[in-house]
Structure formats: C-alpha cells, structure tokens
Amino acid sequence: MKVLIIEDEPAISQSIKDYFKPNGVQCESAATTRDALDKIGMYEYDCILLDLMLPDGDGFEVLKELKRLNKTEGVIIISAKENLETRIEGFNLGADDYLTKPFHLSELLVRMQALIRRKNFNGSNIITFNEISVDLLGKSVTVNNIKLDITKKEIDLLLYLIGNQNKVLSKSAIAEHLSGDMADMLDNHDFVYAHIKNLKKKLTSAGTGDYIKTVYGLGYKWQDE
C-alpha cells in the first residue's frame, strides 16, 4: 500500500510513518497544500491522509482537486476540527472517512486498510485469483494452498497487478508504486524487470498460470489465460 500523508506537523507525520512501515505501508508526505497538489498531480496513491488545517490553505482545496482530476484514491480526513459542518463538507467533497485528532495509530491503520479493501478488493481480507490466494492481514501468498516464500515487495507488486487486471502498467508506473517519488531519482527502472521476473518465476514454479504478460514497448499486465 502506498499512502500520502498531508500533514504540517512533522511529529504527527513521522509517527504515522514509523507505525505504518512495519505493517508494509509505504508513506510519502506533504506539509503544504501546494506540495500536496503537486504530488497528487504526479503520482497515484492507495490512500490519502488529509489534515484540513495547512499553512497555505486548507484540505478542502485538495479534495476539490482530487475531484477535478477524477482521482480514485481513498481519503481519510485527520483533523482537530470536530464540528458536524466540517465533517459534512468533507464528505460532500469526496472524503471517505473522518478521524478526529488525537487518535490512536492502530485505529487509523485499521480504517485505512478497511478503506483500501472496500475500494480495491470488495472488502475482503483474502484476495483470490484462480489458484492464488493473498492474505492481506497475514501478508502471505499461497498457490493451491501451498505457501510461497515471497517478499513484501513482491506481494505489493502482485496485488498491484491483480488490482489492475487487464490494464497495461508502464515500468514507470510500477516503479512509482514500489518506490514512490524515489523512482524519479533512479537512473533506470531495471529493478522493475527484476521484481517482475522473480515474481513470475515463483508463481509459475508453484503451478500458477502464466498471468504476467509483457506488452513490448509499453510495460506489463495481469491477464487470465
């Protein structure tokens, strides 16, 4: 999962990152409205955590821009504002959930995971594709009920491919999903080929169909045979 934290308090932003990292969540951050708008214009996220009170504007501007761009990221507002009018405005502008500060990080994580499951996988904790099963909570993959030796990065890649079935995903899109805005700093995306190759080998060696297709000159796609 890749998450954008839009929060101007460094301590809060860092505490979320520290708590989410061991849970397999990749976090990026933005401390201003301008920075947030730049990031959502360039990148895609599974979820956005949005503070409403930012130094150069408010979070509602971000919600309006997401709506204008027809973005599908799930949005959880995290705010000290707890009046009904603010909540209603946030939901009317497209927010999916609202959590009032201070909050428990464990609750934030659970809400975020539930939101992503609802949006991407119909609310299920177990993602099944033919003979493949991915346990989102257990962070494991089985093929015909046999557990694979697989890395967290490979699970992330597998979910990204399955979640975008039949769509061609460019190397840059996959690189961005796996590495976030760090992808812009890399000279090439050879690591994408390596991850694709390793994942494909592990799956087919375990007896799966050849679902990962190379679309020459464009990228890769997940397709049922």
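A short tour of the structure in this document, coming up. Values in this document were obtained by computation on a predicted structure and should not be read as measured data. (Residues numbered from 1 in each chain as written. Predicted model: local features only at pLDDT ≥ 70, side-chain atom pairs only at ≥ 80, totals over all residues. Heavy atoms only, no water.)

**Things to note about the pairing of strand β6 (residues 74–79)**
Phase 1 of the analysis: Burial of β6 is extensive: 6 of the 6 residues sit out of reach of the surface.
Phase 2 of the analysis: Both faces of β6 are covered, namely the face carrying Gly74, Ile76 and Ile78 and the face carrying Val75, Ile77 and Ser79.
Phase 3 of the analysis: Direction of pairing for strand β3 (residues 47–50) relative to β6: parallel, over a ladder of 4 bridges. In the strand pairing of β6, Ile48 is matched with Val75.
Phase 4 of the analysis: Note that the unit made of β6, helix α4 (residues 84–92) and strand β7 (residues 97–100) has a crossover that is right-handed. (Buried < 20%, exposed > 50% of the residue type's maximum accessible area, 1.4 Å probe, protein only. Helix = DSSP H or I, 4+ residues; strand = E, 2+ residues; numbered from the N terminus. Pairing = 2+ DSSP bridges. Right-handed = clockwise from strand over helix to strand, strands pointing away.)

**Comments concerning the sheet that holds β6**
Phase 1 of the analysis: Strands sit in the order β2-β1-β3-β6-β7 across an open sheet of 5 strands; the sheet is parallel. Each edge of the sheet is formed by a strand with only one pairing partner; in this case those strands are β2 (26–30) and β7. In this sheet, neighbouring strand axes are inclined to one another by 20 degrees on average, regardless of whether the strands run parallel or antiparallel.
Phase 2 of the analysis: Relative to β2, strand β1 (residues 2–6) is paired through 5 bridges, and the arrangement is parallel. Across the sheet, Ile5 pairs through a bridge with Ser29, a residue of β2.
Phase 3 of the analysis: Strand contacts of helix α3 (residues 59–68): β1, β3 and β6, with the helix running at about 155 degrees to β3, the strand carrying the most contacts.
Phase 4 of the analysis: Contacts from helix α5 (residues 105–121) reach β1, β3, β6 and β7, with the element oriented near 160 degrees to β6. (Axes fitted to C-alpha atoms, helices over the stretch in contact; angles between N-to-C directions. Contact = heavy atoms within 4.5 Å.)

**Looking at the side chain of Ser13**
Phase 1 of the analysis: With respect to the helices and strands, the residue Ser13 is situated in helix α1 (residues 10–20).
Phase 2 of the analysis: Classification of Ser13 as buried rests on a relative accessible area of 5%.
Phase 3 of the analysis: Beyond its immediate sequence surroundings of up to four residues, Ser13 is in contact with Ile5, Glu7 and Ser29.

**Quick look at the packing of aromatic side chains**
Phase 1 of the analysis: Counted by the stated rule, this structure contains 4 aromatic pairs.
Phase 2 of the analysis: Ring centres of Tyr19 and Phe20 lie 6.4 Å apart, and the angle between their planes is 55 degrees; this geometry places the pair in the tilted category.
Phase 3 of the analysis: In this structure Tyr19 comes out as partly exposed when scored by relative accessible area, which is 31%.
Phase 4 of the analysis: Members of the aromatic cluster, joined through ring pairs, are Phe129, Tyr211 and Trp222.
Phase 5 of the analysis: Positioned above the aromatic ring of Tyr45 is the side chain of Lys2, whose terminal nitrogen or guanidinium carbon lies 5.0 Å from the ring centre. (Phe/Tyr/Trp six-rings, centres within 6.5 Å; stacked < 30°, edge-to-face > 60°. Lys NZ or Arg CZ within 6 Å of the ring centre and 35° of its normal.)

**A short note on α3**
Think of an α-helix as turning once every 3.6 residues; residues three or four places apart then point the same way.
Phase 1 of the analysis: For α3, the set of buried residues is Gly59, Phe60, Val62, Leu63, Glu65 and Leu66.
Phase 2 of the analysis: For α3, the capping residue at the N-terminal end is Asp58, with a side-chain oxygen 2.9 Å from the backbone nitrogen of Phe60.
Phase 3 of the analysis: A positive backbone phi angle near 55 degrees is found at Asn70, which sits one or two residues after α3. (Polar contact = N/O pair within 3.5 Å; in protein donor to acceptor, adjacent residues only side chain to side chain.)

**What about the sheet that holds strand β11 (residues 146–147)?**
Phase 1 of the analysis: Here 4 strands make up an open sheet; going across it, the order is β8-β9-β10-β11 and the pairing antiparallel. Each of the sheet's edge strands pairs with one partner strand only, and the pair in question is β8 (126–129) and β11.
Phase 2 of the analysis: In terms of strand pairing, strand β9 (residues 132–135) meets strand β10 (residues 140–143) through 4 bridges, oriented antiparallel. In the sheet register, Ile132 faces β10, and the bridge partner there is Val143.
Phase 3 of the analysis: Against the sheet, helix α6 (residues 152–163) makes contact with β8, β9 and β10, and its axis sits at roughly 120 degrees relative to β9, the strand it touches most.

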